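Residue strings, one per chain:
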Amino acid sequence: MKRSEPRRSQLLLALWAASVFGLSALTGLRGLSLATLLALLLLRRGALRAARRVLRSVVPVTAFLSLASAGWLRLVTGRWPDAEPFVALALRAALIAFVTFSALARIELFRALAPFPTASRLLVLTLAQVHALRLLATDSLLGLRSRMLRRPGPVDVVRGAGGITGALLALSMKNARDVSDAMRSRGF
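A quick note: this is a predicted structure, and the numbers were derived from the prediction, not measured.

About the thresholds
- Residues numbered from 1 in each chain as written.
- Predicted model: local features only at pLDDT ≥ 70, side-chain atom pairs only at ≥ 80, totals over all residues.
- Heavy atoms only, no water.
- Helix = DSSP H or I, 4+ residues; strand = E, 2+ residues; numbered from the N terminus.
- Polar contact = N/O pair within 3.5 Å; in protein donor to acceptor, adjacent residues only side chain to side chain.
- Contact = heavy atoms within 4.5 Å.
- Salt bridge = Lys/Arg side-chain N within 4 Å of Asp/Glu carboxyl O.
- Phe/Tyr/Trp six-rings, centres within 6.5 Å; stacked < 30°, edge-to-face > 60°.
- Lys NZ or Arg CZ within 6 Å of the ring centre and 35° of its normal.
- Axes fitted to C-alpha atoms, helices over the stretch in contact; angles between N-to-C directions.
- Parallel < 35°, antiparallel > 145°, perpendicular 65-115°, else oblique.
- Left-handed = near helix turned anticlockwise from the far one by under 90°.
- Nonpolar A, V, L, I, M, F, W, Y, C, P; charged D, E, K, R; others polar.
- Core = buried A, V, L, I, M, F, W, Y, C linked by side-chain atoms within 4.5 Å.
- Buried < 20%, exposed > 50% of the residue type's maximum accessible area, 1.4 Å probe, protein only.
- Expected span 1.5 Å × (residues − 1).
- Arc of directions from axis to C-beta.

It is worth spelling out the side chain of threonine 36 at this point. Secondary-structure assignment places threonine 36 in helix H2 (residues 29-42). Only 2.7 Å separates the side chain of threonine 36 from the backbone oxygen of leucine 32, close enough to count as a polar contact. Contacts of threonine 36, omitting those with residues within four sequence positions, involve Leu91 and Leu95.

Okay, structure coming up:
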């Protein structure tokens with residue numbers, strides 16, 4: 001059973017890549033709706049958790065960008081654009097994110113990428129960056145909470161976002177330089 005596990009993860013990773021490629025080609029609401037129903041049917045185990053992650057992370061950004069684009073087109077053309085392309089774009093982004101979150105729950109990436117050393121190294125570097133940035137964001141939020149007598153609200157978090165954004169960018173640039181130097185010294 002353990003020998004087949006890397007193959008299973010590799011197969012699931014390949015199926016994920018093919019499905020994301022296929023979903024990115026869908027543009028009509030009808031096709032996207034059918035693909036959404038099919039994805040919910042095929043990936044029903046853990047679907048609620050994946051849908052919550054999509055609602056928290058992807059939908060707000062996509063909705064904001066769609067509304068901003070529609071508002072810009074309203075200013076430029078003097079009339080509101082047709083909503084269908086914006087809805088299709090938001091649905092496609094949400095569907096791709098849902099499939100990705102569902103796939104990540106089923107795939108062991110380190111086992112799937114074991115035969116590919118360069119991809120494994122890239123995965124390790126990416127996860128290290130994510131971990132470092134997550135620690136910085138968590139520490140900053142805890143620092144904000146410790147400086148306030150009350151629980152920080154959304155306005156307080158937004159006010160503190162400028163400093164943390166600068167720190168995140170500085171840290172990611174430093175980490176990128178360190179990784180680049182380390183890879184260059186090893187002949188990459």
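Moving on, we come to the pattern of salt bridges. Inspection of the entire model under this criterion finds three salt bridges. The partner of aspartate 178 in a salt bridge is lysine 174, and the shortest N-O contact between them spans 2.7 Å. With a gap of four residues between them, aspartate 178 and lysine 174 both fall in helix H8 (residues 154-185), about one helical turn apart.

Applying the stated rule across the entire model yields zero aromatic pairs. Over the face of the ring belonging to phenylalanine 101 we find arginine 53, whose NZ or CZ atom lies 4.2 Å from the ring centre.

With that settled, consider the packing of helix H7 (residues 117-147) against H8. One can describe the packing of H7 onto H8 by two numbers: an axis separation of 10 Å at closest approach and a directional angle of 150°. In terms of orientation, H7 and H8 fall into the roughly antiparallel class. In the packing of H7 onto H8, the handedness of the crossing is right-handed. Contacts between H7 and H8 involve Leu125, Gln129, Ala132, Leu133, Leu136, Ala137, Ser140, Leu141 and Leu144 from the first element and Asp156, Val157, Ile164, Ala167, Leu168, Leu171, Ser172, Asn175, Ala176, Val179 and Met183 from the second. Looking at the contact of H7 with H8 residue by residue, the classes come out as 15 nonpolar, four polar and one charged.

Once that is clear, we can look at the nonpolar core. One finds Val54, Leu95, Phe98 and Val99 to be the most contacted residues of the largest nonpolar core, which totals 16 residues. Elements supplying a minimum of two residues to this core: H2, helix H3 (47-57) and helix H5 (84-106). Element by element, the count of residues in this core is highest for H5, at seven residues. Apart from residues lying up to four places away in sequence, phenylalanine 98 is in contact with Ala39, Leu40, Leu43, Ala47, Ala50, Ala51 and Val54.

Relative to the 27 Å expected for 19 residues at 1.5 Å per residue, helix H4 (residues 59-77) spans 26 Å between its end C-alpha atoms, a close match to the ideal helical length. When we look at burial in H4, the residues that qualify are Thr62, Ser66 and Ala70. Down the axis of H4, the buried side of the element spans an arc of 65°, and every buried residue falls inside it. In H4, the exposed residues that point more than 90 degrees away from the buried face are Phe64, Leu67, Trp72, Leu75 and Val76. The inward-facing, buried residues of H4 abut H5. Following H4 by one or two positions, glycine 78 adopts a phi angle in the positive range, close to 85°.

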